[in-house]
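Examining the three-dimensional arrangement
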Amino acid sequence: MHFIPSKLHCFTSMEKPFSPLIIFFIIFISDFPHLYSPYRLHPSITASTLVHRTHTAVSDFHVINRRTLFQCPDPNPFLQINVSKSSTLLSNEEFVAVIVSGVLVPMATDWIAMISPSHSNIGSCLGSKSFYVQTGDLSDLPLLCHYPVKAKYVSSDPTYLSCEKKDCRKYNKNGKCEIRTCSASVIFHVINIRTDIEFVFFAGGFHTPCVLKTTLPFKFSNPNAPLYGHLSSIDSSATSMRLTWISGDKKPQQVIYGNGKSQISQVTTFSQDDMCGSTFIPSPAQDFGWHDPGYVHTAIITGLQPSTIFNYKYGSDAVGWSDEIEFRTPPAGGSDELKFLVFGDMGKAPLDAAIEHYIQPGSLSVVKAMVEEMRNGSVDSIFHIGDISYATGFLVEWEYFLHLITPLASKVSYMTAIGNHERDYAGSGSRYVTPDSGGECGVPYETYFPMPTAAKDKPWFAIEQGSVHFTVISTEHDWTQNSEQYKWMTKDMESVDRSKTPWLIFAGHRPMYSSYNGLITVDSTFRNVVEPVLLANKVLFGHVHNYERTCSIFKSECWAMPRKDENGTDTYDNGNYKAPVHAIVGMAGYGLEKFPSFAAGWSMKRISEYGYVKAHATRDNLMLQFVNSTRTVMDSFRITKSKIL
């Protein structure tokens, strides 16, 4: 069984006297250790809480590489596995039907894996078992040298176990069938990951797997296609945007926009050598989780106007072009209004209900709701604060995540902050030494999502949009006094011109406070070091636990209560500032957790549903709404700088 924690995020509001200010603090609490039945993992791991602590989501499928590969004793001459396609070429996205037939005795433990590249060794990787200690399993003889992208039990076809699809393989001399076999069809969602794919039919489940049959390799019709374009802001003027996309082609490509303007892309990539690990224990990112990322293209689109709609496409004549896409620039910093969405810990989930290494079940419904939100033009930008894809060393999952967010990130500015599952790894320079990134140590994240930072591996930045100044830090890098980041955040917040951007939003991934007292704890050192910087600016912030909203709170006490306005909306009076309001969100995709039965007196609203926060900032008011994945507004509150009479 798995004990899956919720992810915690929060944002709070407060201001200097007579200066409207909000602090939006999106945070994450370290994962709970998962619980397992003893038979699933090697006894030495079961007995070791240190090694067995699950930082990268150990599951039966996750440790499939470390299972002994048995030789299937099945002598069945009828068994086949095929793909229902007239061609061996794959498009950029399609749902593929994999058909197994000739099965004599269907078993619930029969399964199919999608493997890429197809030349991955599906024999045992002798001498490699020590490579997998970080995933919490020391079983002998790993199964696959390359991790399966995804898998499905054949019983996902409801007709399989009952053998409703029958074929007669042998008739007697009287014309009666002597041998019947069963068949099934299983659907896989395939996107263009450039390397070829094969499907492998296994028996024995994930504990005692053995190979039965393998398909021929399937290649993508255009492995160099330009894909997964996403936009981000580079400064506060909103006259330039950065476009990032992926291709199998290392030659520069173009973005064409506006009335025939164009820009040439800069091209980069990363390799296994860039991933973190050790000589004796390679990380998942260095070994079985590795997948070639292709080439990442970035181009700066210039000569734009704020709050304006433009069209663009990207690619080249040699590799093809994307569809033409319409996007909207955000408002310039210092203008009167900003409408944005904010969330964290979203990740991705499969569209085909397959088993993958790490699944965030709410992500699909939340993305769908946000896409609908954007269709009426009510979103200027998006902020995703930490724990982005949850690839954690299984690199192909970054591309499934990019595919998921493309309808959002290709149309408005998609800004991000780094989290523990992007950065943390022992010996890599991260503040925390857990293996949470699976050896990625920030390299894929910063390559796929270049933000307006000073340099690589310094993922902190500030940007202004509308009436809001955003200060985005990395809780995973050194934030101690006299560190580079500490000096930067202090200077940045002290320099905010409140007459230009009256609201200040401070974003990071880990908490200074948490009301949940279970296995999750707060890094008190982080709080003790950084909080004085915020206090100097009349800034306080709190914790996140699904969705929760507080009174105006300080030192766990209500210093002021909201009042209903003429529309019945809870309104916090920052014209008569007493203490910050904490609005807590942590429900963009990762598994939710119920609230404890006891609620403190300062807790005004508690909701355990997937969703996102929708914010509307003007110069005088900030309206925030928690919207669930059905686009129902579950809670609304308003912060105003005008004194309520």
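Everything discussed here concerns the structure shown above.
Residues numbered from 1 in each chain as written. Predicted model: local features only at pLDDT ≥ 70, side-chain atom pairs only at ≥ 80, totals over all residues. Heavy atoms only, no water.

**Overview of the nonpolar core**
Nonpolar side chains in soluble globular proteins tend to end up buried together. Ranked by size, the top nonpolar core spans 103 residues in total, and within it Ile-112, Phe-199, Phe-201 and Phe-449 carry the most contacts. When residues of this core are assigned to their parent elements, the largest contribution, nine residues, is made by helix H4 (residues 396-409). Membership of the second largest hydrophobic core comes to 15 residues, among which are Tyr-432, Tyr-486, Val-496 and Leu-534. (Core = buried A, V, L, I, M, F, W, Y, C linked by side-chain atoms within 4.5 Å. Buried < 20%, exposed > 50% of the residue type's maximum accessible area, 1.4 Å probe, protein only. Helix = DSSP H or I, 4+ residues; strand = E, 2+ residues; numbered from the N terminus.)

**Describing the pairing of strand E13 (residues 227-233)**
Burial runs high along E13: seven of the seven residues are buried. As judged from the five bridges shared by E13 and strand E14 (residues 241-247), these two strands associate in the antiparallel manner. Residue pairing across strands places Leu-231 opposite Leu-243, the latter belonging to E14. (Pairing = 2+ DSSP bridges.)

**A few points about unusual backbone geometry**
The omega angle of the peptide bond from Ser-116 to Pro-117 is 0°, so this bond is cis rather than trans. The topology assignment puts Pro-117 in the loop between strand E6 (111-115) and strand E7 (150-153). Located in the positive-phi region is Asp-345, a residue other than glycine, with phi close to 55°. Inspection of the secondary structure assignment puts Asp-345 in the loop between strand E22 (338-343) and helix H3 (363-374). With a relative accessible area of 0%, Asp-345 lands in the buried category.

**Some remarks on the environment of Gln-625**
By the element assignment, Gln-625 lies in strand E35 (residues 621-628). There is a polar contact of 3.4 Å between the side chain of Gln-625 and the side chain of Ser-636. (Polar contact = N/O pair within 3.5 Å; in protein donor to acceptor, adjacent residues only side chain to side chain.)

**A look at the side chain of His-509**
Within the secondary structure, His-509 sits in the loop between strand E27 (503-507) and helix H8 (524-535). His-509 sits in the buried class, given a relative accessible area of 0%. Within polar-contact distance, the side chain of His-509 engages the side chain of Asp-387 at 3.2 Å. Of note is the side chain of His-509, whose polar atom sits 3.2 Å from the side chain of Asn-420.

**As for the sheet that holds strand E11 (residues 210-214)**
Read from one edge to the other, the open sheet built from four strands follows the order E7-E6-E10-E11, with strand pairing classed as antiparallel. Edge positions in the open sheet fall to E7 and E11, since each of these has one partner strand only. If you compare each strand with its neighbour and ignore which way they point, the axes differ by 30° on average. Examined bridge by bridge, strand E10 (residues 198-203) and E11 share four bridges and lie antiparallel to one another. For Ala-203, the partnering residue across the bridge sits in E11 and is Cys-210. (Axes fitted to C-alpha atoms, helices over the stretch in contact; angles between N-to-C directions.)

**Overview of the pattern of salt bridges**
Per the stated rule, a full pass over the model turns up 21 salt bridges. Among the ionic pairs, Lys-219 bridges to Asp-196, the shortest N-O distance being 3.4 Å. Residue Lys-219 is found in strand E12 (residues 219-220), and its partner Asp-196 is found in the loop between strand E9 (177-191) and E10; the two are separated by 23 residues along the sequence. Within this structure, Lys-150, Lys-348, Asp-352, Glu-356 and Glu-397 form a network of salt bridges that share partners. (Salt bridge = Lys/Arg side-chain N within 4 Å of Asp/Glu carboxyl O.)

**Examining the state of the cysteines**
Considering all chains together, one arrives at four disulfides under this definition. One disulfide bridge connects Cys-72 with Cys-210, the sulfur atoms lying 1.9 Å from each other. Between Cys-72 and Cys-210 the sulfur-sulfur dihedral comes to about 95°; the bridge is accordingly right-handed. Of this pair, Cys-72 sits in the loop between helix H2 (49-52) and strand E3 (80-83) while Cys-210 sits in strand E11, and the two are 138 residues apart along the sequence. With respect to burial, Cys-72 and Cys-210 carry one shared label: buried. (Disulfide = S-S within 2.5 Å.)

**Points about the packing of aromatic side chains**
Scanning all chains against the criterion turns up 22 aromatic pairs. Taken together, a centroid distance of 4.7 Å and an interplanar angle of 85° make the contact between Trp-111 and Phe-206 edge-to-face. With Trp-111 in strand E6 and Phe-206 in the loop between E10 and E11, the pair connects residues that are 95 residues apart, well separated along the chain. Classification of Phe-206 as buried rests on a relative accessible area of 4%. Seen in terms of ring centroids, Phe-340 and Phe-383 are 6.1 Å apart; in terms of plane orientation they differ by 75°. Their pairing is edge-to-face. In this pair, Phe-340 is assigned in strand E22 and Phe-383 in strand E23 (residues 381-385), connecting sequence segments 43 residues apart. In this structure, Phe-340 and Phe-383 share a single accessibility class: buried. The ring of Trp-321 carries the charged tip of Lys-313 above its face, separated from the ring centre by 5.2 Å. It is Arg-431 that lies over the ring of Trp-479; its NZ or CZ is 4.3 Å from the centre. (Phe/Tyr/Trp six-rings, centres within 6.5 Å; stacked < 30°, edge-to-face > 60°. Lys NZ or Arg CZ within 6 Å of the ring centre and 35° of its normal.)

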